[in-house]
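# Chains, contacts and geometry: an overview
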Amino acid sequence: MNHQTRVYDDILELLPDVDHPTPLVRIRRLAPVTGFELHAKLEWMNPFGSVKDRAAAYLLRDLVRQGKLVPGRSAVEATSGNTGLSMAGIAAALGVGMRAVVPNRVPLEKKVLLRIAGAELDVINDAVCPSPGMGEGSINLARTRARAEPDRYVMPNQYENELNARAHYETTGPEIWRQTAGRVTHLFVTLGTCGTAMGCGRFLKERNPRVKLIALQPSEGHDVPGLRNVSELGVSRLFDPAMIDELIEIDFELAYTRALELARGEGLMAGPSAGLVFEGACRVAERGGAGVGVMIFPDNAFKYISSFVKHLPQLAEGTTADRREHASRTTE
């Protein structure tokens, strides 16, 4: 690979590392105070569009190394979309298969993208994030497929596999440390599988124990795919509450309105998870004092158009008429 000329042998060489990090962009126009810097880590710049590329690469490559994932066999994983999409893209590049088990409430855009990427899809009635419960929960169905058909499927299990956190310990954390020249004082994250928070947080705290790990959780009843509040974290064996310095609950509606502000105020086409992170980071910055905060922006807005329209219906005003006018013109 050659990062200077940007010529690569395959798409997997675009996966980030400390010498080829995802961008860190300072918030300028929307900065709540002058003395507390806020920087967005743009994880949608990963080759398959989200922070989940990192863990997915570690998980699938490990299965390939062990001989458990070979051509003719597929990874099967419960996902709210991003991990599945990352795994589908990586699996395609590795020449293996991918089957994603997703909740019905996941946005249509993600389901279609999964199919575009070549994933087989099981869509079931479940919470917006895969359920740890009994019955036909997403995680249980993925696990059942892997156990019932071991010659066809192997389950990476992002919710329990320590490689999920290691991916961020070995890539995301070192990238942030170098990009801020060790100046980072706060890391702002959401919680899902908790791999990002635990891996990245552990690395930064080992470099500087004074770094604060701030977790933002959506309010109960949220519909932001991929995110959990603490009451839902029983599904993840990676979560260590002792690592979290502060947990802030944010009204989930703000995930969409703040994401819209980021697009219009900073030119950052942020997804709702990023909007939630930004709201929490602003609250901490507004308390006063100096700091250098890094916000993990997991993905961008493009996979959530239907969700944005649901929460901000004014965004779709006139679009029905526009579509009809376009259709009439094309038939003339």
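Right above here is the structure, for reference.
Per chain, the residues get numbers from 1 upward, laid out in the order the sequence is written. The model is predicted, so local features are restricted to residues of pLDDT at least 70 and side-chain atom pairs to those at 80 or more, both for listing and for counting; the totals for chains, interfaces and linings are taken over all residues. As a convention, hydrogens and water are excluded, and side-chain values are obtained from all of the structure's heavy atoms.

Trans is the common state for peptide bonds, and a negative phi is the common state for residues other than glycine. A positive phi is found at A181, a non-glycine position, where the angle reads about 55 degrees. In this fold, A181 is placed in the loop between helix 5 (163–179) and strand 7 (186–190). Exposure categories follow from relative accessible area, calculated using a 1.4 Å probe and restricted to protein chains: below 20% of the type maximum is buried, above 50% is exposed, and the middle band is partly exposed. For A181, a relative accessible area of 64% puts it in the exposed group. The phi dihedral of C194 falls on the positive side, at around 80 degrees, and the residue is not glycine. Helix and strand assignments come from DSSP, with helices taken as H or I runs of at least 4 residues and strands as E runs of at least 2, each series counted from the N terminus. Mapped onto the elements of the fold, C194 is located in the loop between strand 7 and helix 6 (195–207). Note on C194: relative accessible area 2%, which makes it buried.

So, about the sheet that holds strand 9 (residues 246–250). Backbone hydrogen bonds are what pair the strands of a sheet, in a parallel or an antiparallel way. In spatial order, the strands read 1-2-10-7-8-9; together these six strands make up an open sheet with mixed pairing. The outermost strands of the open sheet, each flanked by one partner alone, are strand 1 (24–26) and strand 9. Averaged over neighbouring strand pairs, the angle between their axes works out to 25 degrees when direction is ignored. Where strand 7 meets strand 8 (residues 212–218), five bridges bridge the pair, whose relative direction is parallel. The partner of H186 across the bridge, within strand 8, is K212. Taken strand by strand, helix 6 contacts strand 7, strand 8 and strand 10 (291–297), and its axis lies near 165 degrees from that of strand 8. We treat two strands as partners when DSSP finds at least two bridges between them. A fitted line through C-alpha atoms represents every axis, and for helices the fit uses only the stretch in contact; the resulting angles, taken between N-to-C directions, go from 0 to 180 degrees. Contacts between residues were defined by any pair of non-hydrogen atoms, one from each residue, lying within 4.5 Å.

What follows is about empty space enclosed by the protein. A cavity here means a set of 1 Å grid points, computed over protein atoms only, where a 1.4 Å probe fits but cannot escape. A pocket is an open set with protein on both sides within 12 Å along at least 5 of 7 lines, and lining residues have an atom within 4 Å of a point. Grid points are joined across faces, edges and corners, and a volume is the space filled by probe spheres set on the points. The full count for this structure, using the stated rule, is one cavity of 30 Å³ or more. In this structure, the largest cavity encloses a volume near 310 Å³. Along the walls of the largest cavity sit 29 residues, with V51, K52, G192, G226 and L227 positioned nearest its centre. Contributing elements (two or more residues each) for the lining of the largest cavity: helix 2 (82–94), strand 7 and helix 6. With three residues, helix 6 is the single largest residue contributor to the lining of the largest cavity. Its residues assigned to classes, the lining of the largest cavity comprises 13 nonpolar, 12 polar and four charged. Throughout the structure description, domain borders are defined by an automatic or database domain assignment. Summarising the domain contributions, the lining of the largest cavity has at least three residues from each of domain 1 (11–45 + 168–305) and domain 2 (51–154). Each residue is assigned to one class: nonpolar for Ala, Val, Leu, Ile, Met, Phe, Trp, Tyr, Cys and Pro, charged for Asp, Glu, Lys and Arg, and polar for all the others, Gly among them.

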